[in-house]
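# A look at the structure
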Amino acid sequence: MRARMEHNQLDQETLCCSICLDLLKDPVTIPCGHSYCMNCIKTHWDEEDEKRIHSCPQCKETFTPRPVLKKNTMLAALVEQMKKTGLQAAAADHRYAGPEDVACDFCTGRKLKAIKSCLFCLASFCEKHLQPHYDSAAFKKHKLVEPSKNLQENICSKHDEVMKMFCRTDQKFICYLCSVDEHKDHDTVTVAAEIAERQRGLEEKQQKIQQMIQDREEDVKLLQQEVEAINRSADKAVEDSEKIITELICLLQKRSSDVKQQIRSQQETEVSQQSGWLEKLEQEITELKRKDAELEQLSHTEDHNQFLLNYPSLPAPSESTHSSSVNIRPLRHFEDVTAAVSELRDKLQDVLRDSWTNISLMVTEVDVLLAEPEPKSRDGFLRYSCEITLDPNTAQTRLKLSEGNRKVRLMGQSQSYPSHPDRFTGYYQVLSRESLTGRCYWEVEWSGLVNVAVAYKNICREGRENECFFGNNNKSWALNCNGSSFGHNNIWTFISGPVSSRVGVYLDHRAGILSFYSVSESMTLIHRVQTRFTQPLLAGLYVYNGGGSAEFCNPN
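Parameters and conventions
Numbers given to residues run from 1 along each chain, matching the order in which its sequence is written. This being a predicted model, a pLDDT of at least 70 is required before a residue's local features are given, and a value of 80 or more before pairs of side-chain atoms are given or counted; all residues contribute to the totals for chains, interfaces and linings. The side-chain values count all of the structure's non-hydrogen atoms but skip hydrogen atoms and water molecules. To count as a disulfide, a pair of cysteine sulfur atoms needs to be within 2.5 Å. Take the buried Ala, Val, Leu, Ile, Met, Phe, Trp, Tyr and Cys residues and link them wherever side-chain atoms come within 4.5 Å; each set so joined is a nonpolar core. Relative accessibility decides the category of a residue: with a 1.4 Å probe and only protein chains considered, values under 20% of the type maximum give buried, values over 50% give exposed, and everything between is partly exposed. We call two residues contacting when some pair of their heavy atoms lies within 4.5 Å. The way it works is that DSSP assigns letters per residue, a run of H or I at least four long becomes a helix, a run of E at least two long becomes a strand, and they are numbered from the N terminus. Only Phe, Tyr and Trp rings take part, Trp by its six-membered ring, and two of them pair if their centres are within 6.5 Å. Stacked means planes under 30 degrees apart, edge-to-face means over 60, and tilted covers everything else. Here, a charge over a ring is recorded when the distance from Lys NZ or Arg CZ to the ring centre is within 6 Å and its angle to the ring normal is within 35 degrees. Scored from 0 to 100, pLDDT records how confident the predictor is in each individual residue. Computed over the protein atoms alone on a 1 Å grid, cavities are sets of points where a 1.4 Å probe fits but cannot get out and pockets are open sets with protein on both sides within 12 Å along at least five of seven lines; a residue lines them when it has an atom within 4 Å of a point. Grid points are joined across faces, edges and corners, and a volume is the space filled by probe spheres set on the points. Polarity classes work like this: nonpolar for Ala, Val, Leu, Ile, Met, Phe, Trp, Tyr, Cys and Pro, charged for Asp, Glu, Lys and Arg, and polar for all others, with Gly in that last group. A pair of strands is labelled paired if DSSP reports no fewer than 2 bridges between them. Between the N-to-C directions of two axes lies an angle of 0 to 180 degrees, each axis being a line fitted to C-alpha atoms and, for a helix, fitted only over the stretch in contact.

The protein chain carries the name Tripartite motif-containing protein 16-like in an unreviewed UniProt entry, which gives Poecilia formosa as its organism.

Here you go:
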């Protein structure tokens, strides 16, 4: 098929007139060997009659006198054969320029498609008319580009010259005369130099983009692997959780069955015992009724002799063997069992509630491969700023809250706070109302002796033990603003450098990052913690000298 197509193409090109670019009509061959339509070559030579020199339109060979034209019967037969096979309609049509194509500027009659445009000639050429650009050294410096309809845009409208220069100052194409005239003091280069420069820049950008693509593809692979790992881990967690909860349900069902069996067994024992006593009582009642009947009968005997004779033989009624042991008292029966089971239910609910909070937190705290980096500027931190207020129910009684519960000051006397289980009773400490998760940032203005801290809600509140003091247990983290030290789990680390009167605190709960910054004209990192938080956190303050104060301020 391919060979046949190439053969047809060859036939079409061979049997086309190079003047009208159509199939030959009444083909003639001139002395140089080229063939044309008879009318086409006649018209061409008629135009040359005045010069008295007749030439070949293709090879430019001249003839004197004008050759006599005779029909080439072999070519005519070939043309007719092509017409019969239906190839005429396709003959060279694909080579002609349509409305959307760039046409050759040198074709006469029906124009062929241009395959190149020359920026020097400002013209477009078909394959035939382009050949001199390849063959002649005179065209060596011409710039060939893809066919363009906008070649006139390369002509300077002021000087009618090709714009071969580029003004970097004005970012526009200019001609050479422009470069020595109105652009003489500008940064101008040749178009070729500018293209070369931008090509280098383009290559650098392309290399960067390719590197970015490579990096992103690596990230995609890592994320895909992470997604697969998350799915596997989640599936296993669901499976294990269902298994554990099923075991817990089975254990509860077994305990329920055991309680039921014990209750029924005790019920059977108690009922059996009471049934024995019931049977004896019923027997006694029957016997007593019989004796009562005998006495009733004797009481109605009219024969005095018979009455006196039978009376001594009557047995005296005996005391009931059961009456002394039956002591009916208010009994709870199995209500105590129900109460015990209810108490167990309440305890399990409390355990499940607390455990479920931790489980939910663990689920939401699943590590992510690509965590958002910590901000680099104060504006970046302020994106995560949150408003924090102090909880009066947690404040030690000598602490006074003000400014909408954002400021705390240590007073000489106790304040009139009501009793509350959340209140610190020993250390002069207070916690925030707000629970902190996710990414948060806040700032504290302080004076005197102050610790800025975060703590879990279940930190101990009563007394003056380490379990209550910020930084002295595993439930709190504290910055000593005066002594320049940081404490956690009763381990205090010395921090070099002074702490400004305003401290910024950044928390990324999910990533386990807690950072303290000294805030002045710039932000200076004081201390950073990388850990794993298992519960939501509360902001805390400790003020421990008369007149000392601290305030959660609105960052600005």
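Okay, the state of the cysteines next. By definition, a disulfide is the covalent link that joins the sulfur atoms of two cysteine residues. Evaluation of the coordinates by the stated rule reveals zero disulfides. Looking at the unpaired Cys 460, the closest cysteine sulfur is the one in Cys 468, lying at 3.4 Å.

Within the largest apolar cluster, 37 residues are counted, with the highest numbers of intra-cluster contacts made by Val 408, Trp 442, Trp 477, Leu 514, Phe 516 and Leu 541. Excluding its chain neighbours within four sequence positions, the residues that come into contact with Val 408 are Leu 390, Leu 399, Lys 400, Leu 401, Val 430, Leu 541, Val 543, Gly 548, Ser 549 and Ala 550. Core analysis: the next-biggest nonpolar cluster, separate from the first, contains 19 residues, Leu 24, Cys 37, Trp 45 and Phe 63 among them.

Turning to the environment of Val 450, a few remarks are in order. Its location among the elements puts Val 450 in strand 15 (residues 450-456). Since its relative accessible area comes to 0%, Val 450 is described here as buried. The spatial distance from the C-alpha of Val 450 to the C-alpha of Ala 550 is 7.2 Å, given a sequence separation of 100 residues. Here Val 450 is in contact with Leu 479, Asn 480, Cys 481, Asn 482, Tyr 542, Val 543, Tyr 544, Ser 549 and Ala 550, once residues within four sequence places are set aside.

Another point: the packing of aromatic side chains. Counted according to the given criterion, the structure contains 15 aromatic pairs. Residues Tyr 427 and Tyr 542 carry aromatic rings whose centres are separated by 6.3 Å and whose planes lie at 85° to one another, so their mutual orientation is edge-to-face. One end of the pair, Tyr 427, is in the loop between strand 12 (407-410) and strand 13 (429-436); the other, Tyr 542, is in strand 22 (residues 537-543), with 115 residues separating them in the sequence. Of the two residues, Tyr 427 and Tyr 542, neither departs from the other in class, the shared state being buried. Ring geometry for Tyr 542 and Tyr 544: centres 4.5 Å apart, planes at 15°, overall stacked. On the accessibility criterion, Tyr 544 (24% relative accessible area) is partly exposed. Taken together, Phe 381, Tyr 384, Tyr 441, Tyr 506 and Tyr 517 form an aromatic cluster joined through their ring pairs. In this structure, Lys 280 packs its charged tip against the face of Trp 277, placed 5.1 Å from the ring centre.

The next point concerns the confidence of the model for the protein chain. Averaged over every residue, the pLDDT of the protein chain is 84; residues scoring 70 or more account for 89%. Confidence over residues 1-10 falls short of pLDDT 50; this stretch has three contacts with residues more than four positions distant or in other chains.

So, on to empty space enclosed by the protein. Summed over the entire model, instances satisfying the criterion amount to one cavity of 30 Å³ or more. Every residue lining the largest cavity is listed: Cys 386, Glu 387, Ile 388, Arg 406, Trp 442, Glu 443, Phe 552, Cys 553 and Asn 554. For the lining of the largest cavity, the secondary structure elements donating two or more residues are strand 14 (439-447) and strand 23 (549-553). Taken together, the residues of the lining of the largest cavity break down into five nonpolar, one polar and three charged.

Another aspect to go through is the side chain of Ser 484. Note that Ser 484 resides in the loop between strand 16 (476-480) and strand 17 (485-488). With residues up to four places along the chain from it excluded, the contact list for Ser 484 reads Thr 493, Phe 494, Ile 495, Gly 497 and Val 499.

Time to look at the sheet that holds strand 11 (residues 399-402). Strand order across the open sheet formed by seven strands is 11-12-23-14-19-20-21, with antiparallel pairing between neighbours. Lying at the two open borders of the sheet, with one neighbouring strand each, are strand 11 and strand 21 (523-530). Taken pair by pair, the neighbouring strands of this sheet meet at an average axis angle of 20°, ignoring direction. Pairing analysis gives seven bridges linking strand 20 (residues 513-519) to strand 21, with the strands arranged antiparallel. Counterpart to Leu 514 in the pairing with strand 21 is Val 529.

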